[in-house]
Amino acid sequence: MSQEVPQSRQPNTPTRPGDTAHSGAELELIGAALIAEYEVLREEIGRYQDHQKQIMNFAFMVSAAMAALAQPLFNDSGPKAENIRSVLLYFPPLFAMLAGLYSDRTIRILRLAGYINNHLRRKLASLVSMHVWQWEVYKGSRARGGHPFAYTLDKVRWLVFVLPGVGSAGLYFWLGGNLAGWRSRFGLGVSVLGVAAAVLIMFLAEETKGVGTLDEPDLDALDHSLVRTPPAPE
């Protein structure tokens, strides 16, 4: 025959706030907090997208500066022109750096989208007992956006960083540059590394299929600051 354990001797087990039923007012407050957090995260994603536009515009500005630098060299082949011409070989690292900044913003956007999809969305879905915010789930169910060339088209924007780097090295040789000196050979090596880095960065993050719907760790279990211990009986 089992004996009932006195309340004073029962283990003091921590419980999370979500383990108990909530009143209607509490559910309304929780829903409002989830929506507010969603809106803040969407605004942050919008800021990163604005950063991407600025980075791409800056790439166009650097390309225009490169063309302006090369324009006088078409009519000048003196020693001074050779020094200016060698500067063209150092543009690819600049475009690789811009590609890295662009990719960094893409990764940040995907991280925010992953949190919304795998954590925030599920909390709200359990609250209202229906599926919500299923855009990422829909994107993940489609094969490359539903078109075999969607993945290739997604990479076209990266040509803003790759083609000018290749073009700067091409301009150097078109304007009479050669590999006679160590400076030109060193500059060509820098150009090759810059273009290779830009191409590699192009494949670091892919947005075509969105973020995956994963069974990630329960954040409530990791956030110990929200764990409440029942008061000890008097």
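What you see is a predicted model; the values in this text were computed from it and never measured. (Residues numbered from 1 in each chain as written. Predicted model: local features only at pLDDT ≥ 70, side-chain atom pairs only at ≥ 80, totals over all residues. Heavy atoms only, no water.)

### Quick look at the overall build of the protein
When its secondary structure is counted, the protein shows 8 helices and 0 strands. Counting from the amino terminus, the protein carries its helices and strands in the arrangement α-α-α-α-α-α-α-α. Residues counted as buried form 31% of the 234 residues belonging to the protein. Of all intrachain contacts in the protein linking residues separated by at least 6 positions in sequence, the fraction that spans at least 24 positions is 84%. For the protein, the exposed area adds up to about 15,200 Å²; of that, 62% sits on carbon and sulfur atoms. (Helix = DSSP H or I, 4+ residues; strand = E, 2+ residues; numbered from the N terminus. Buried < 20%, exposed > 50% of the residue type's maximum accessible area, 1.4 Å probe, protein only. Contact = heavy atoms within 4.5 Å. Areas by Shrake-Rupley, 256 points an atom, 1.4 Å probe, with all protein chains shown as cover.)

### Some details on the nonpolar core
Leu88, Phe91, Leu98, Tyr102, Trp158 and Phe161 are the most contacted members of the largest nonpolar core, which has 24 residues in total. Taken together, the elements giving at least two residues each to this core come down to helix 1 (24–70), helix 3 (91–128), helix 6 (159–174) and helix 7 (182–202). Here this core gets 6 residues from one element, more than from any other, and that element is helix 1. Those residues in contact with Trp158 that sit more than four places away from it in its chain are Ala99, Tyr102, Ser103, Ile201 and Met202. Ranked by size, the runner-up nonpolar core spans 11 residues in total, among them Leu34, Tyr48, Leu112 and Leu124. (Core = buried A, V, L, I, M, F, W, Y, C linked by side-chain atoms within 4.5 Å.)

### A short note on the packing of helix 1 against helix 6
What describes two packed helices is the angle between their axes and the distance between those same axes. Taken N-terminus to C-terminus, the directions of helix 1 and helix 6 make an angle of 10°; their axes are 10 Å apart at the nearest point. Classified by the angle their axes make, helix 1 and helix 6 are roughly parallel. Of the residues in helix 6, those in contact with Ile55, Met56, Ala59, Phe60, Ser63, Met66 and Ala70 of helix 1 are Val160, Phe161, Pro164, Ser168 and Leu171. Partitioning the contact of helix 1 with helix 6 into residue classes produces 10 nonpolar, 2 polar and no charged. (Axes fitted to C-alpha atoms, helices over the stretch in contact; angles between N-to-C directions. Parallel < 35°, antiparallel > 145°, perpendicular 65-115°, else oblique. Nonpolar A, V, L, I, M, F, W, Y, C, P; charged D, E, K, R; others polar.)

### Description of the confidence of the model for the protein
Per-residue confidence for the protein gives a mean pLDDT of 77; residues scoring 70 or more make up 71%. The model gives residues 1–19 a pLDDT under 50, and that stretch makes 20 contacts with residues more than four places away or in other chains. (pLDDT = per-residue confidence, 0-100.)

### Some points on a nonpolar patch on the surface
Side chains of Phe149, Leu153, Val156, Leu159 and Leu163 sit close together on the surface and give an oily, nonpolar patch of about 490 Å² of accessible area. Accessibility expressed as a relative area gives 36% for Leu159, which makes it partly exposed. (Patch = residues over 30% accessible without salt bridge, like charges linked within 9 Å, V, L, I, M, F, W, Y side chains within 5 Å. Salt bridge = Lys/Arg side-chain N within 4 Å of Asp/Glu carboxyl O.)

### Remarks on the side chain of Thr106
Turning to its location among the elements, Thr106 is positioned in helix 3. Judged by relative accessible area, which is 0%, Thr106 ranks as buried. Among the polar contacts listed, one links the side chain of Thr106 to the side chain of Gln52, at a separation of 2.7 Å. The residues touching Thr106, leaving out its near neighbours within four places in the chain, are Gln52, Ala205 and Glu207. (Polar contact = N/O pair within 3.5 Å; in protein donor to acceptor, adjacent residues only side chain to side chain.)

### Thoughts on the packing of helix 6 against helix 7
Put simply, helix 6 and helix 7 touch, their axes get as near as 9 Å, and they point 160° apart. The angle between the axes of helix 6 and helix 7 places the two elements in the roughly antiparallel class. When the axes of helix 6 and helix 7 are compared, the crossing they make is left-handed. For the pair formed by helix 6 and helix 7, the contact residues are Phe161, Val162, Gly165, Val166, Ala169, Tyr172 and Phe173 on the first element and Ser184, Leu188, Ser191, Val195, Ala198 and Val199 on the second. Split by residue class, the contact of helix 6 with helix 7 holds 10 nonpolar, 3 polar and no charged. (Left-handed = near helix turned anticlockwise from the far one by under 90°.)

### Comments concerning the pattern of salt bridges
Counting across every chain of the model gives 2 salt bridges. Here Asp104 ties to Arg105 by a salt bridge, and the two come within 2.7 Å at their closest N and O atoms. By relative accessible area, which is 26% here, Asp104 ends up partly exposed. Between Asp104 and Arg108 there is a salt bridge, with its nearest N and O atoms 2.9 Å apart. Placement of the pair is Asp104 and Arg108 together in helix 3, with a separation of 4 residues, close to one helical turn.

### Topic: the packing of aromatic side chains
Under the criterion given, the structure shown has 4 aromatic pairs. The interplanar angle of 55° and the centroid separation of 5.6 Å between the aromatic rings of Tyr102 and Phe161 together place this pair among those described as tilted. You can see Tyr102 sitting in helix 3 and its partner Phe161 sitting in helix 6, a full 59 residues away along the chain. Per residue, the accessibility class of Tyr102 equals that of Phe161, and both read buried. Clustering of aromatic rings is evident, with ring pairs tying together Tyr102, Trp158 and Phe161. (Phe/Tyr/Trp six-rings, centres within 6.5 Å; stacked < 30°, edge-to-face > 60°.)

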